[in-house]
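# Coordinate inspection notes
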Amino acid sequence: MAESRFAAGAGALVDRVLATQMPAIRRAAGLVADALAAGGVLQTFATGHSRAVALELTGRAGGLAAVSMLAVKDLVMFGGVDPALVLDPTYERTPGLAERIYALAEPDPADVFLIVSNSGINAAIVEMAQLARANGHRVIALTSLDHTRSSSARSVGGPHLADLADVVIDNCAPAGDATIELAPGTRIGAVSSFTGVLIAQVLAELVCRALLERGADLPVFVSANLASGDRHNAALYERYRGRVRPLEP
């Protein structure tokens, strides 16, 4: 059986992210800690597979409770949109989506945004970054700078996500995301979710450490599958009721 090139390259990719992106992650953690200390929450937004990274930060055991995940599906769950519309994989390119998602969420001025997109070019992503900036929120981008700057990227007019952020964290994924050329014209081994989850967990840790250093409370979920989990988490759900979107099971 052939060896896994993906597995062989994974360690090197982790090393590259940690060697090059820690300064940006630390700056991002400072922005998030500032927002939480001021009574805000972290608003995450992503489309497509980048949602895996936003989900990693949201509503999970060992994670911060003060994180709300915004998504295109909110238009169906909270806005009455026909589900058939959001099942179109190109729907994220539709102008005006971000404004509707933002309006449904009603973010607080103290909130900070983390916007995740490997390409950083689609309308919903760019417009959400623009909306957040226009409404006074600090914006953290988690994206592939290689893709954003690549001459092979799909041409889209206007700014990209990386152009609109206070802090840009590079997920170190290549243009097109796939890392292994299996055969001519066929590439596999996407890495943006892999490095994105790593970055998300490092970010969460640094935010918690920053809050501890300030003597602030740590609103962290515990596993609902522990005996104390439901009671502990219920208090956090109540604390952030109306501020943090509940996740579907």
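The rules behind these values
Residues numbered from 1 in each chain as written. Predicted model: local features only at pLDDT ≥ 70, side-chain atom pairs only at ≥ 80, totals over all residues. Heavy atoms only, no water. Core = buried A, V, L, I, M, F, W, Y, C linked by side-chain atoms within 4.5 Å. Buried < 20%, exposed > 50% of the residue type's maximum accessible area, 1.4 Å probe, protein only. Helix = DSSP H or I, 4+ residues; strand = E, 2+ residues; numbered from the N terminus. Contact = heavy atoms within 4.5 Å. Pairing = 2+ DSSP bridges. Axes fitted to C-alpha atoms, helices over the stretch in contact; angles between N-to-C directions. Parallel < 35°, antiparallel > 145°, perpendicular 65-115°, else oblique. Left-handed = near helix turned anticlockwise from the far one by under 90°. Nonpolar A, V, L, I, M, F, W, Y, C, P; charged D, E, K, R; others polar. Phe/Tyr/Trp six-rings, centres within 6.5 Å; stacked < 30°, edge-to-face > 60°.

Naming follows an unreviewed UniProt entry, where the protein chain appears as Sugar isomerase domain-containing protein of Nonomuraea phyllanthi.

## As for the nonpolar core
Leu114, Ile140, Ile169 and Val207 are the most contacted members of the largest nonpolar core, which has 47 residues in total. Mapped onto this core, the elements with two or more residues apiece are α1 (5-37), β1 (42-46), α2 (51-56), β2 (67-70), β3 (112-117), β4 (139-143), β5 (167-170) and α8 (192-213). Element by element, the count of residues in this core is highest for α1, at twelve residues. Apart from residues no more than four positions distant in its own chain, Ile140 is found in contact with Ala28, Leu31, Val32, Val112, Phe113, Leu114, Ile115, Ala165, Val167 and Ile169.

## Describing the pairing of β4
Counting buried positions over the five residues of β4 gives five, a clear majority of the element. Covered by surrounding structure in β4 are Val139, Ala141 and Thr143 together with Ile140 and Leu142, the residues of both alternating faces. Looking at chain direction, β3 and β4 are connected through five bridges and run parallel. The partner of Phe113 across the bridge, within β4, is Val139. Relative to β5, β4 runs parallel, the two being bridged by four bridges. For Thr143, the partnering residue across the bridge sits in β5 and is Asp170.

## Looking at the packing of α1 against α8
One can describe the packing of α1 onto α8 by two numbers: an axis separation of 7 Å at closest approach and a directional angle of 40 degrees. By the angle between their axes, α1 is oblique relative to α8. Every pair of crossing elements has a handedness; the one defined by α1 and α8 is right-handed. Class assignment for the residues of the contact of α1 with α8 results in 22 nonpolar, one polar and one charged.

## Focus: the sheet that holds β3
Taken together, five strands build an open sheet; the order of strands is β2-β1-β3-β4-β5 and the sheet is parallel. This sheet does not close on itself; its edge strands, each paired only once, are β2 and β5. Strand-to-strand twist of the sheet, defined as the mean angle between neighbouring strand axes without regard to direction, takes the value 20 degrees. Relative to β2, β1 is paired through four bridges, and the arrangement is parallel. Looking at the pairing, Phe45 lines up with Leu70 of β2.

## Here we look at the packing of aromatic side chains
Within this structure, the stated rule accounts for three aromatic pairs. Taken together, a centroid distance of 6.1 Å and an interplanar angle of 65 degrees make the contact between Phe6 and Phe194 edge-to-face. Here Phe6 is found in helix α1, whereas its partner Phe194 is found in helix α8, with 188 residues between them in sequence. Here Phe6 falls in the partly exposed class, since its relative accessible area comes to 29%. Seen from their ring centres, Phe221 and Tyr237 are 5.1 Å apart, and the 40 degrees between their planes marks the pair as tilted. Placement of the pair is Phe221 in the loop between α8 and α9 (229-239) and Tyr237 in helix α9, with a sequence separation of 16 residues.

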